[in-house]
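Listed below are the residues making up each chain.
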Amino acid sequence: MNRADDQSTLDINEGVLSMKFKNKVAVVSGGTRDIGKAVVLKLASQGAKVVINYFNNQDNAIAVQNEVNALGAESILVRGDMANNDDVQALVGKTKETFGGVDILVNVAGGLVARKTIAEMDEDFFNHVMRLNLNSTFLLTKYCVPLMSEGSSIINMASLAGRDGGGPGASAYATSKGAVMTFTRAMAKELGPQGIRVNSLCPGVISTTFHDTFSKDEVRKNIANGTPLRREGSPQEIADAVSYLASEDSSFITGSNIDINGGLAFS
C-alpha cells in the first residue's frame with residue numbers, strides 16, 4: 001500500500017466523524033468502480049446521502065452499497081444509462097422521491113470504448129463516444145439543477161486528453177472531454193447567479209481498469225516515470241479533490257478545469 005492509499009484509508013475512517021456533508025445529497029454517475037466508487041465512498045464517509053448510479057454490473061453496485069452501509073451512510077442504487085434522457089429523468093425522479101433534492105452532482109460516467117484512428121471509426125462510433133461522455137454530463141446537469149439550491153456544487157470528470165488531444169486512437173474521447181471542459185465553463189457562468197458552482201477535474205494516468213484495458217504496461221510505466229512524482233495517481237486522490245470541490249472549502253472556485261496528473265503536464 002502506498003502513502004496515498006494509507007492516507008485514503010485514514011480519511012475514510014475519520015470521515016464519518018467529521019460529517020462534512022451531513023444532510024447533503026450527492027448524485028454520482030458511474031459510481032461502482034474505480035474513480036466513481038472512490039468518490040461514492042469518500043462522500044459517504046463524510047456524511048453524504050449518496051445516489052449511486054450504475055449500468056452494467058449489478059453485483060459491483062450491490063458490493064459498493066454494502067461498503068456505504070458499513071460506513072453508516074444512506075444510499076440508493078439506480079440503474080440507468082446516463083446518456084439516455086428517460087433513464088436520467090428516472091434517476092432524478094427517484095432522487096427527489098427519496099431524498100428531496102441534490103446538493104452535489106459528480107459526473108463520472110463515460111469511457112474511451114475503443115482506440116480507433118479516424119480511418120477506422122465511423123459516425124456511429126464517434127457519436128457513441130460523444131454521447132457517453134458529453135451527453136451524460138449535459139443530461140444529468142439539466143435535470144439535477146432544478147433540485148439544487150444555493151451552495152450546491154457540480155463536479156465533472158474531464159481528462160488530460162481534453163487538453164492535449166489524447167493518445168493514439170483516442171481522438172473521439174479527447175474531443176468529448178474537451179467539450180466537457182467547455183461545458184463546465186459555460187455552466188459556471190450560467191449557474192453562478194443561482195449560487196451553484198461548476199468545476200471539472202482533468203486526470204492524467206490514474207490506476208484504473210480504464211488503463212488496464214486500453215493502455216499497454218510499457219506505455220503506462222514510461223508515462224509514470226515521466227511525471228515529477230514518478231508514479232500513477234490513485235482513484236482516491238481524485239475522490240479527495242472531488243470532496244474539496246464539493247465543499248465550502250472551495251466556495252470561490254468555479255469554472256475551473258483542474259489538472260490532477262502528478263505534474264505530467266501543466267496548463
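Residues numbered from 1 in each chain as written. Predicted model: local features only at pLDDT ≥ 70, side-chain atom pairs only at ≥ 80, totals over all residues. Heavy atoms only, no water.

A. Here's a closer look at the pairing of strand β5 (residues 153-157). For β5, the tally of buried residues reaches five of five residues, placing the bulk of the element in the interior. One crossover worth recording links strand β4 (residues 104-107) to the parallel β5 by way of helix α5 (residues 123-144), and it is right-handed. Taken together, the five bridges between β5 and strand β6 (residues 197-203) define a ladder with parallel strand orientation. Each bridged residue has a counterpart across the sheet, and for I154 the counterpart in β6 is V198. (Buried < 20%, exposed > 50% of the residue type's maximum accessible area, 1.4 Å probe, protein only. Helix = DSSP H or I, 4+ residues; strand = E, 2+ residues; numbered from the N terminus. Right-handed = clockwise from strand over helix to strand, strands pointing away. Pairing = 2+ DSSP bridges.)

B. How the structure looks around the pattern of salt bridges. Throughout the structure, instances matching the rule amount to seven salt bridges. A salt bridge links D34 to R33, with the nearest nitrogen and oxygen atoms 4.0 Å apart. Residue class for D34 comes out partly exposed when judged on its relative accessible area of 23%. Here R163 makes a salt bridge to D259, at a shortest N to O gap of 2.6 Å. Of the two residues, R163 is situated in helix α6 (residues 161-164) and D259 in strand β7 (residues 257-260); the sequence distance between them amounts to 96 residues. Judged by its relative accessible area of 23%, D259 falls in the partly exposed class. (Salt bridge = Lys/Arg side-chain N within 4 Å of Asp/Glu carboxyl O.)

C. Expanded view of the packing of aromatic side chains. Here the structure, examined in full by the defined rule, presents one aromatic pair. Where F138 meets F183, the ring centres are 6.4 Å apart and the plane angle is 80°; that geometry is what we call edge-to-face. Highlighted residues: F138 in helix α5 and F183 in helix α7 (residues 171-191), separated in sequence by 45 residues. The exposure class assigned to F138 is partly exposed, which follows from its relative accessible area of 38%. The ring of Y143 carries the charged tip of K142 above its face, separated from the ring centre by 5.7 Å. (Phe/Tyr/Trp six-rings, centres within 6.5 Å; stacked < 30°, edge-to-face > 60°. Lys NZ or Arg CZ within 6 Å of the ring centre and 35° of its normal.)

D. Spatial organisation of the sheet that holds strand β3 (residues 75-79). Read across the open sheet, the seven strands follow the order β3-β2-β1-β4-β5-β6-β7; overall the sheet is parallel. Of all the strands in the sheet, the pair left with one neighbour each is β3 and β7. Within this sheet the neighbouring strands show an average axis-to-axis angle of 15°, counted without direction. Pairing of strand β1 (residues 25-29) with β4 involves four bridges; the strand directions are parallel. Among the inter-strand pairings, V28 is bridged to a residue of β4, identified as V106. Strand contacts of helix α3 (residues 58-70): β2 (49-54) and β3, with the helix running at about 170° to β3, the strand carrying the most contacts. Strands β5, β6 and β7 of the sheet are contacted by α7, whose axis makes an angle of about 160° with β6. (Axes fitted to C-alpha atoms, helices over the stretch in contact; angles between N-to-C directions. Contact = heavy atoms within 4.5 Å.)

Taken by themselves, the reported measurements are silent on function.
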